[in-house]
Amino acid sequence: MTEETPAPEPSRARALLSTADFRLLRTALTAYARSCDDREELAKINALHHRLGSYT
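What comes next is a walk through the structure. (Residues numbered from 1 in each chain as written. Predicted model: local features only at pLDDT ≥ 70, side-chain atom pairs only at ≥ 80, totals over all residues. Heavy atoms only, no water.)

So, the overall build of the protein
Now for step 1: Tallying secondary structure elements over the protein gives two helices and zero strands in all.
Now for step 2: At 19 Å, the protein has a C-alpha radius of gyration far larger than the 10 Å of a compact globule built from 56 residues.
Now for step 3: Burial statistics for the protein: of 56 residues in total, 12% are counted as buried.
Now for step 4: Entry remark: accessible area of the protein is about 5300 Å², with carbon and sulfur atoms responsible for 54%.
Now for step 5: Each charge sign in the protein was given a centre, from 8 positive and 8 negative side chains, and these centres are 13 Å apart. (Helix = DSSP H or I, 4+ residues; strand = E, 2+ residues; numbered from the N terminus. Rg over C-alpha atoms; globule rule 2.2 N^0.38 Å. Buried < 20%, exposed > 50% of the residue type's maximum accessible area, 1.4 Å probe, protein only. Areas by Shrake-Rupley, 256 points an atom, 1.4 Å probe, with all protein chains shown as cover. Lys, Arg positive; Asp, Glu negative; His and termini not counted. Charge placed at Lys NZ, Arg CZ, Asp CG, Glu CD.)

What follows is the structure in structure tokens.
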């Protein structure tokens with residue numbers, strides 16, 4: 001780029017997942033959590049479930 005030509009603006013970021021996608025992921029995590037016996041894994045699932053909920 002030269003001094004006369006400004007740098008082009010980056011294009012606007014697009015959403016990777018829709019609200020419906022987040023709901024579906026939360027539903028799948030809920031089903032998986034019900035069958036999970038590992039406490040550490042369940043804690044990770046619960047944390048992810050909670051984070052996904054903040055986007056819907």
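That shown, we press on.
Some details on a nonpolar patch on the surface
Now for step 1: Taken together, the side chains of Leu16, Leu17 and Leu25 make up a nonpolar region of the molecular surface, amounting to roughly 310 Å² of accessible area.
Now for step 2: Residue Leu17 is classed as partly exposed on the basis of its relative accessible area of 38%. (Patch = residues over 30% accessible without salt bridge, like charges linked within 9 Å, V, L, I, M, F, W, Y side chains within 5 Å. Salt bridge = Lys/Arg side-chain N within 4 Å of Asp/Glu carboxyl O.)

What about helix α2 (residues 39-53)?
Now for step 1: Between its terminal C-alpha atoms α2 stretches 21 Å, which fits the 21 Å expected from 15 residues at 1.5 Å a residue.
Now for step 2: Of the surrounding elements, those touching the buried residues of α2 are α1 (19-35).
Now for step 3: Where α2 begins, the side chain of Asp38 points an oxygen toward the backbone nitrogen of Glu40, at a separation of 3.2 Å. (Expected span 1.5 Å × (residues − 1). Contact = heavy atoms within 4.5 Å. Polar contact = N/O pair within 3.5 Å; in protein donor to acceptor, adjacent residues only side chain to side chain.)

Comments concerning the nonpolar core
Side chains of nonpolar character tend, in soluble globular proteins, to be buried together.
Now for step 1: Within the largest apolar cluster, six residues are counted, these being Phe22, Leu29, Ala33, Cys36, Ile45 and Leu52.
Now for step 2: Those elements that place two or more of their residues in this core are α1 and α2.
Now for step 3: Ranked by residue count, the leading element in this core is α1, at three residues.
Now for step 4: If near-sequence neighbours (up to four positions away) are discounted, Ala33 is found in contact with Leu42 and Ile45. (Core = buried A, V, L, I, M, F, W, Y, C linked by side-chain atoms within 4.5 Å.)

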